[in-house]
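A closer look at the structure
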Amino acid sequence: MSAETKKIGEIPSYKVTLFVRRFNPEDGQEARWEDFDVEVFGTDRVLDALHKIKWEQDGSLTFRRSCAHGVCGSDAMRINGRNRLACKTLIKDLDMSQPIYVEPIKGLAVEKDLVVDMNPFYQAYRDVKPFLIASDKPAKERLQSAEERARFDDTTKCILCAACTTSCPVFWTDGQYFGPAAIVNAHRFIFDSRDEASEVRLEILNDKEGVWRCRTTFNCTEACPRGIEVTKAIAEVKQAILVGRR
Amino acid sequence: MAKLPAGTLYRGKVGMWSWVLHRITGVAIFFFLLVHTLDTALVRVSPEAYDAVINTYKTPIIGLGELGLVAAILFHGLNGIRVILIDFWRKGAKYQNVMFWIVVVLAALLFIGFAPRHLAHVFHWNV
């Protein structure tokens, strides 16, 4: 767009091609790529492009999203080969001269298009007892120093979007592995000074499908939309099991 | 009926590709060790049989294979130290990326020291 034709305050728009991995359990066909041309603004995110497709071109396109602002963790998907939240990925940050590839996250069964069965993921989360276990009954709150709170601050940020777990090569081939997200949420309580069940959680994760499955590929750390140092958290849990270092 | 997904290759970074390379070199070294154990065990059968087998190794193709073997061992050994540091050193996860490049540089330096001398033996160069 040249400077003359550009109105003041106008947002430049671009034509991009999206290849979306489609799968319909009812048509008996294999998963396949389908391409859509979409006119998008520089301020648009991949989620906006998916909305445009669903609202203007093909209402059967199926994907999850809820808050659309990177908080609920519903719209994790594989964008150009990497796990991202569609609502946090600006199209202008991708290479717009190339098609944008959008696929469901890997390692969980696809139900339709970009929607996967999250139940195994949630089950692994439940299995690490992701809640405070404390026997005391204080009249007010349980006190904690700023340092004690800072110890597990990083792992409180998880939104359970599954971007980390489904970026893990170990999880792709071994669905029994607890996965990074479950370990992150166990870490959040293991290193919480108010919690009394660290040993229980460490015992759960000291399993052949527990932390020892981690091969430190760092895909999870790279994929996390909240910037959690996932691999580091897993390494800290390994240390806690081995030498009791908290 | 639900289906498992297929599609593009996951575009992981240094951490993932170093892990892939670590596995490939690991399996390759395993097969070398298997053959190596067998040919060395031949000396118990008869020294002549051992000599005969070892002599078949003195070809340029095996010589280039040995070059690859040393490259694989250098990477696998040094990257193994990196993996240990990631698990046992507090700052290991933070410095995994730079440690990978240190591994590559160290492996390359050691390989450059080894390759000319080895190739001279294989191809009977007079140096």
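Residues numbered from 1 in each chain as written. Chains lettered and ligands numbered in written order. Predicted model: local features only at pLDDT ≥ 70, side-chain atom pairs only at ≥ 80, totals over all residues.

A few points about the overall build of chain B
The helix and strand tally for chain B stands at four helices and zero strands. Counting from the amino terminus, chain B carries its helices and strands in the arrangement α-α-α-α. Put simply, chain B has 127 residues, and 15% of those count as buried. Put simply, 69% of the contacts in chain B that link residues at least 6 apart link residues at least 24 apart. (Helix = DSSP H or I, 4+ residues; strand = E, 2+ residues; numbered from the N terminus. Buried ≥ 20, exposed ≤ 12 C-beta atoms within 10 Å, placed from the backbone. Contact = placed C-beta atoms within 7 Å.)

What about the overall build of chain A?
The number of helices and strands found in chain A is eight helices and seven strands. Projecting the C-alpha coordinates of chain A onto the three principal axes gives extents of approximately 65 × 50 × 35 Å.

Some details on the packing of helix H1 (residues 14-45) of chain B against helix H3 (residues 60-88) of chain B
Residues and elements named next belong to chain B. Put simply, H1 and H3 touch, their axes get as near as 9 Å, and they point 125° apart. When the axis of H1 is compared with that of H3, the two are oblique. Relative to H3, the crossing made by H1 is left-handed. Between H1 and H3, the residues in contact are Ser18, Leu21, His22, Thr25, Gly26, Ala28, Ile29 and Phe32 and Leu69, Ala72, Ile73, Phe75, His76 and Asn79, respectively. Grouping the amino acids of the contact of H1 with H3 by side-chain chemistry returns eight nonpolar, six polar and no charged. (Axes fitted to C-alpha atoms, helices over the stretch in contact; angles between N-to-C directions. Parallel < 35°, antiparallel > 145°, perpendicular 65-115°, else oblique. Left-handed = near helix turned anticlockwise from the far one by under 90°. Nonpolar A, V, L, I, M, F, W, Y, C, P; charged D, E, K, R; others polar.)

Quick word on the sheet that holds strand S5 (residues 100-103) of chain A
All names here are of chain A. On the basis of which strands lie adjacent, the open sheet formed by five strands has the order S2-S1-S5-S3-S4 and mixed pairing. Of all the strands in the sheet, just strand S2 (32-41) and strand S4 (82-85) have a single pairing partner and so form its edges. Strand-to-strand, the axes of this sheet are offset by a mean angle of 35°, without reference to chain direction. One ladder, built from four bridges, connects strand S3 (residues 76-79) with S4; its direction is antiparallel. For isoleucine 79, the partnering residue across the bridge sits in S4 and is arginine 82. (Pairing = 2+ DSSP bridges.)

Points about the pairing of S5 of chain A
Here three bridges tie strand S1 (residues 13-22) of chain A to S5 of chain A, and the two strands are oriented parallel to one another. From the neighbouring strand, phenylalanine 19 of chain A faces S5 of chain A, where its bridge partner is tyrosine 101 of chain A.

Focus: unusual backbone geometry
Residue and element names in this part refer to chain A. For asparagine 80, which is not a glycine, the phi torsion comes out positive at approximately 50°. Residue placement: asparagine 80 occurs in the loop between S3 and S4. Non-glycine residue aspartate 113 carries a positive phi angle of around 45°. Relative to the helices and strands, aspartate 113 is located in the loop between strand S6 (110-112) and strand S7 (115-116).

So, the domain arrangement of chain A
Residue and element names in this part refer to chain A. Split by domain assignment, chain A resolves into domain 1 (13-116) and domain 2 (119-243). Centre-to-centre separation of domain 1 and domain 2, based on C-alpha positions: 29 Å. Listed as interface residues are 14 residues of domain 1 and, on the opposing side, 14 residues of domain 2. With four residues, S4 is the largest single contributor of residues to the side of domain 1 that touches domain 2. (Domains from an automatic or database assignment.)

As for the interface of chain A and chain B
Listed per partner, the contact involves 28 residues of chain A and 22 residues of chain B. Elements with a minimum of two residues in the side of chain A that touches chain B: S5, S6, helix H7 (219-223) and helix H8 (230-243) of chain A. It is H8 of chain A that contributes the most residues to the side of chain A that touches chain B, four residues altogether. Taken together, the residues of the side of chain A that touches chain B sort by class into ten nonpolar, seven polar and eleven charged.

Describing the packing of H3 of chain B against helix H4 (residues 96-122) of chain B
All names here are of chain B. Across the interface, H3 lies against H4 with an axial gap of 9 Å and an inter-helix angle of 155°. One way to sum up the angle between H3 and H4 is to call them roughly antiparallel. Here the hand of the crossing between H3 and H4 comes out right-handed. When the residues that make up the contact of H3 with H4 are grouped by side-chain class, the tally is 19 nonpolar, four polar and two charged.

Structural notes on the environment of glutamate 66 of chain B
If you trace the backbone, glutamate 66 of chain B turns up in helix H3. C-alpha separation for the pair glutamate 66 of chain B and alanine 115 of chain B, spaced 49 residues apart in sequence, amounts to 9.9 Å.

What to know about H4 of chain B
All names here are of chain B. The end-to-end C-alpha distance of H4 is 37 Å, a good match for the 39 Å that 27 residues give at a rise of 1.5 Å each. The largest bend along H4 reaches roughly 25° and is located at alanine 115, with the proline proline 116 sitting one to four residues downstream. Tucked inside the fold, the buried residues of H4 contact H1 and H3. At the C-terminal side of H4, histidine 124 shows a positive phi close to 55°. (Expected span 1.5 Å × (residues − 1). Bend = angle between axes of the 7 residues up to and from the residue.)

Topic: the confidence of the model for chain B
All names here are of chain B. Per-residue pLDDT for chain B has a mean of 91; in total, 94% of the residues score no lower than 70. Confidence drops under a pLDDT of 50 for residues 1-5, and excluding neighbours within four residues, the segment shows 16 contacts in the predicted structure. Across the predicted assembly, pTM comes out at 0.89 and ipTM at 0.85. (pLDDT = per-residue confidence, 0-100.)

Digging into the environment of proline 99 of chain A
All names here are of chain A. On the secondary structure map, proline 99 appears in the loop between S4 and S5. In the structure, proline 99 is positioned 81 residues away from leucine 18 in sequence and 5.5 Å away in space, judged by C-alpha atoms. Among all residues touching proline 99, those that are not within four sequence positions of it are Thr17, Leu18, Phe19 and Asp35.

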